[in-house]
Amino acid sequence: MIYLDNAATMFPRPDCVKDAVLHALDMAGNPGRSAHEAAFAADEMMEQTRQSLCRLFHAEEDYACVFAQNATDALNMAIPGSLNEGDHAVTTMMEHNSVLRPLYALQKTRNVELTIVPPDEMGIIRPAQIEKALQKNTKLVIVTHVSNVTGAIMPVQEIINVCRRHGIPCLIDASQAAGHMAVDLQSLQADLVAMPGHKGLCGPQGTGVLFVKNGTDLSPTRFGGTGILTFSQEMPQEYPSHLEAGTQNVHGIAGLGAGVRMLQEKGVENIAAHEKELTEHLLSELTNFPDVVIYSPQDAAYRSGVVSFNIASIDPSHIANALAQEHICVRAGFHCAPLAHKCMNTTHCGAVRVSFSMFNTHDEVDSFLSTLRRIIR
Ligand SMILES: Cc1ncc(COP(=O)(O)O)c(C=O)c1O
């Protein structure tokens, strides 16, 4: 099988991740609850994964690392946790439904005002557009780091700088960036950063992370046992307990820790360079296909390891299904980003998406291209 659907979830998982999950299944009790060796083993697995994540993202000094079930879950802690009745939020047309739907729900339940900023003609969100959208009551700006449809890398540092100048918290959806490119939170200084554990970070499904910058005021969106302050009617004030209610996915988190440590050994910069090479290889050939429309940014500096395209007059799902029959896995359709498809004029059909991981090879790109050529013929 040639797996080119890593933007949905990474496949295959490295052996070290599988081993860590199995080890946790054998060893881990409930973390933070009891004082025996199985509970301590779970505590240690959680703590090691937090430390590994903080090291990878240079978040040791300024951030709390909160575990979530996936990126959607992390975004659902960050967005409703930041916005109250009558607040205004700014986001973009390039967002995933995991950003848009919590915002639409808050429009209804808390009268949250929403401004949705369009990208430029290259599919890039410009900081000036974000700045223009800010209002007196803006309480949150939410921007994706990398579009899961076009692969466009957004200028998040400049956008965060705009937010900081205006004193408005900024939430970055790093779902397609984490593990695929260097993300340095010490220099970015975003207030909130949400990411899945199961994509670029190599972890099992059921894992995600929310980094919360020290001093960020976030209301819990779920309530329950934390193993501490049992007699308090409120969630503990300190992170991560403030947001982590109930038994955590220790087995998955142990696997995530192993994945993150493997990334650190390989070097995220090397992974980014490899995935970019695969993208350039793919694009150099795909551009010559008859009637092809490619949605990646024209400027290579903004391109990541996610590429989407259409071949005129062929339904993208026919292409993906034909590739699947040849054991080549891509995704077709709307990629959960409805407004991005509006920008691309593809609301009637969607697009075929190819997305790389560190494990893909140039031979796989060649096989994909030759199979695609044959299918089109
Ligand atoms: C940009 C972006 N944000 C959020 C998500 C949601 O991630 P998860 O499936 O981990 O909830 C995805 C998933 O593809 C995504 O690409």
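Conventions and cut-offs
- Residues numbered from 1 in each chain as written.
- Predicted model: local features only at pLDDT ≥ 70, side-chain atom pairs only at ≥ 80, totals over all residues.
- Axes fitted to C-alpha atoms, helices over the stretch in contact; angles between N-to-C directions.
- Helix = DSSP H or I, 4+ residues; strand = E, 2+ residues; numbered from the N terminus.
- Left-handed = near helix turned anticlockwise from the far one by under 90°.
- Contact = placed C-beta atoms within 7 Å.
- Nonpolar A, V, L, I, M, F, W, Y, C, P; charged D, E, K, R; others polar.
- Buried ≥ 20, exposed ≤ 12 C-beta atoms within 10 Å, placed from the backbone.
- Pairing = 2+ DSSP bridges.
- Right-handed = clockwise from strand over helix to strand, strands pointing away.
- Domains from an automatic or database assignment.

Student: I tried to follow the packing of helix H3 (residues 71-82) against helix H4 (residues 97-110) on my own but got confused; where do I start?
Tutor: The relative placement of two packed helices is expressed as an angle between their axes plus a distance between the axes. Their axes nearest at 9 Å, the elements H3 and H4 cross at an angle of 35°. H3 and H4 meet at a crossing whose hand is right-handed. Across the interface between the two elements, Ala71, Thr72, Leu75, Asn76, Ile79 and Pro80 of H3 pack against Ser98, Val99, Pro102, Leu103 and Leu106 of H4. Per-class residue counts for the contact of H3 with H4 are 8 nonpolar, 3 polar and no charged.

Student: Even after reading the chapter, I still don't get the pairing of strand E5 (residues 138-144), so can you show me in this structure?
Tutor: Strand residues, when the strand is regular, have side chains that alternate between the two faces of the sheet. Counting buried residues in E5 gives 6 out of 7 residues, a clear majority hidden from the surface. Of the strand pairs in this sheet, strand E3 (residues 88-92) and E5 are connected by 3 bridges, and their pairing is parallel. Residue pairing for E5: Ala89 is matched across the bridge by Leu140. Each parallel crossover has a hand, and the one from E5 via helix H6 (residues 156-166) to strand E6 (residues 170-173) is right-handed.

Student: So what exactly am I meant to see when it comes to the domain arrangement of the chain here?
Tutor: Interface extent is often summarised as the accessible area lost during association of the parts. Taken domain by domain, the chain consists of domain 1 (2-9 + 267-376) and domain 2 (15-266). Each of domain 1 and domain 2 has a C-alpha centre, and these two points are 27 Å apart. In this complex, domain 1 contributes 33 residues to the contact, which on the side of domain 2 involves 29 residues. Broken down by secondary-structure element, the contributors of at least two residues to the side of domain 1 that touches domain 2 are helix H9 (268-286), strand E10 (306-311), helix H11 (338-343) and strand E13 (351-355). For the side of domain 1 that touches domain 2, the leading source of residues is H9, giving 6 residues.

Student: Would you explain the sheet that holds strand E9 (residues 292-294) in this entry?
Tutor: Strands pair in a sheet through their backbones, by hydrogen bonds, and they do so in one of two ways: parallel or antiparallel. Strand order in the open sheet formed by 4 strands is E9-E10-E13-E12, and the pairing between neighbours is antiparallel. Of all strands in the sheet, those with a lone pairing partner are E9 and strand E12 (331-333), marking the two edges. The average undirected angle you get between the axes of adjacent strands in this sheet is 30°. Note that E10 and E13 share 4 bridges and pair antiparallel. Bridging across to E13, Ser308 finds its partner in Arg353. Where helix H10 (residues 316-325) meets the sheet, it contacts E10, E12 and E13, and its direction lies at approximately 160° from that of E12.

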